[in-house]
Amino acid sequence: MSHVEDELTSQPECWTRVAADAAGHGPALPAPGERVAIVGCGTSYFMAQAAAALREGAGQGETDAFAASEFPHGRAYDRVLALTRSGTTTEVLDLLRKAAGRTRTTAVTADPDTPVMEAADDVVVLDYADERSVVQTRFATTALTLLRAHLGLHSDAVVADARTALAEPLPEGLVKCGQFTFLGRGWTVGLANEAGLKMREASLSWTEAYPAMEYRHGPISITTEGTATWMLGPAPEGLAEQVRATGGLWVEGGLDPLAELVRAQRLAVAVAAARGLDPDQPRHLTRSVILAS
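Every value quoted in this text rests on a predicted model; they were computed, and no experiment measured them.

**Section: the pattern of salt bridges**
Right, on to step 1. Per the stated rule, a full pass over the model turns up 11 salt bridges.
Right, on to step 2. Between Arg148 and Asp256 there is a salt bridge whose closest N-O contact spans 3.0 Å. Separated by 108 residues along the polypeptide, Arg148 in helix H6 (residues 138–150) and Asp256 in the loop between strand S9 (249–251) and helix H10 (257–274) bring together distant segments of the chain. Here Arg148 and Asp256 have matching classes, each one buried.
Right, on to step 3. Overlapping salt bridges, with partners in common, bring together Glu34, Arg79, Arg104 and Asp122 in one network.

Structural data, given as structure tokens:
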């Protein structure tokens, strides 16, 4: 079993633990009414997109998401929340240091022995969700579960769906597809982006991701026999029928969208195996991007 496969199967336990601990982390996390920016790089950026949409949708306050390298330093926020598994990513550390003394900052990380511990005002350490693999799975979803629980949006049903996602076989014929598109709406757009990233990282797949309503505005033109379109969350009316009419495989996301992401992680590993690739050794990637000064 690869590191990434071992780690993705541990997600239900990680989510249960972080949800139980969420109240204790509350003082370090955004308070209702704060104007918040959530930042990250790669996977953490896509989790930031999901968390920002959830928080604003819950009426907790205006919330934006940025790739750390694209943060608009001229804007005023009450808090910057950084998601960083390694605690060493150059763009995140640079952002936190620039915000010091001007904006309250919080970092959610997996490693307490890294520079982010000094760079942020508040730190939440999820060391039990750390990973050996380059490809992120459980840290990202555990960090998002923390924020969902903080908003009162997590339940035991989410964990049950994750166990189902791990136990049930993948849809027939899915692993053999040559192209994959993931769709989302609202907070699940970030999850769709992350599902696409997992497929590219682990299996070198041709993968795209879009807001579901945008799929009709051009991207559906690539859909045909041998392609798959996977919806994370409820689909727009009529879209499934349109995709099936192209000859493409439609995958309905019937579980909690975060559990659907677990299924997509499994797909990435399965496609990698089918292509003779090692998902623990993704091409051109390292666990953290650390740039020379």
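**A look at the nonpolar core**
Right, on to step 1. Membership of the largest hydrophobic core comes to 58 residues, with the highest contact counts inside it found for Val108, Leu126, Leu144, Phe180, Phe182, Leu191 and Leu267.
Right, on to step 2. The dominant element in this core, judged by the number of residues it contributes, is H10, at eight residues.
Right, on to step 3. The contact partners of Phe180, leaving out residues within four places of it in the chain, are Leu174, Val175, Met199, Ser205, Trp206, Thr207, Glu208, Ala228, Leu267, Val271 and Arg275.

**Overview of the sheet that holds strand S7 (residues 206–211)**
Right, on to step 1. Taken in spatial order, the four strands make up an open sheet running S7-S6-S8-S9, and their pairing is parallel. With one partner strand each, in any of the chains shown, S7 and S9 form the two edges of the open sheet. Ignoring which end each strand starts from, the neighbouring axes of this sheet average 20 degrees apart.
Right, on to step 2. As paired elements, strand S6 (residues 179–184) and strand S8 (residues 227–231) share five bridges and run parallel to each other. Considered in S8, the bridge of Thr181 is made with Thr229.
Right, on to step 3. Those strands touched by helix H8 (residues 188–203) are S6 and S7, and its axis lies near 160 degrees from that of S6.

**Comments concerning H8**
Right, on to step 1. If you check H8, its first and last C-alpha atoms are 22 Å apart, about what 16 residues at 1.5 Å a residue would give, namely 22 Å.
Right, on to step 2. When you tally the buried positions in H8, you get 15 out of 16 residues, the bulk of the element.

**Here we look at the pairing of strand S2 (residues 63–67)**
Right, on to step 1. By the bridge criterion, five bridges tie strand S1 (residues 36–40) to S2 in an arrangement that is parallel. Bridge pairing links Val39 to Phe66 in S2.
Right, on to step 2. Between the parallel elements S1 and S2, the chain passes through helix H3 (residues 43–57) in a crossover that is right-handed.

**A look at the side chain of Ser86**
Right, on to step 1. Within the secondary structure, Ser86 is located in the loop between strand S3 (79–84) and helix H4 (90–99).
Right, on to step 2. On the accessibility criterion, Ser86 (6% relative accessible area) is buried.
Right, on to step 3. Separated by 3.1 Å, the side chains of Ser86 and Ser288 make a polar contact.

**With respect to the pairing of strand S5 (residues 122–125)**
Right, on to step 1. On S5, burial follows the alternation: Asp122 and Val124 on one face are buried, whereas Val123 and Val125 on the facing-out side are not.
Right, on to step 2. Pairing between strand S4 (residues 104–109) and S5: four bridges, direction parallel. Considered in S5, the bridge of Val108 is made with Val124.

**Overview of the packing of helix H2 (residues 11–25) against helix H7 (residues 156–167)**
Right, on to step 1. Across the interface, H2 lies against H7 with an axial gap of 9 Å and an inter-helix angle of 170 degrees. Here H2 lies roughly antiparallel to H7, going by the angle between them. On the side of H2, the interface is formed by Pro12, Glu13, Trp15 and Thr16, while H7 contributes Val158, Val159, Ala162, Arg163 and Leu166.
Right, on to step 2. Looking at side-chain class alone, the contact of H2 with H7 contains six nonpolar, one polar and two charged residues.

About the thresholds
Residues numbered from 1 in each chain as written. Predicted model: local features only at pLDDT ≥ 70, side-chain atom pairs only at ≥ 80, totals over all residues. Heavy atoms only, no water. Salt bridge = Lys/Arg side-chain N within 4 Å of Asp/Glu carboxyl O. Helix = DSSP H or I, 4+ residues; strand = E, 2+ residues; numbered from the N terminus. Buried < 20%, exposed > 50% of the residue type's maximum accessible area, 1.4 Å probe, protein only. Core = buried A, V, L, I, M, F, W, Y, C linked by side-chain atoms within 4.5 Å. Contact = heavy atoms within 4.5 Å. Pairing = 2+ DSSP bridges. Axes fitted to C-alpha atoms, helices over the stretch in contact; angles between N-to-C directions. Expected span 1.5 Å × (residues − 1). Right-handed = clockwise from strand over helix to strand, strands pointing away. Polar contact = N/O pair within 3.5 Å; in protein donor to acceptor, adjacent residues only side chain to side chain. Parallel < 35°, antiparallel > 145°, perpendicular 65-115°, else oblique. Nonpolar A, V, L, I, M, F, W, Y, C, P; charged D, E, K, R; others polar.

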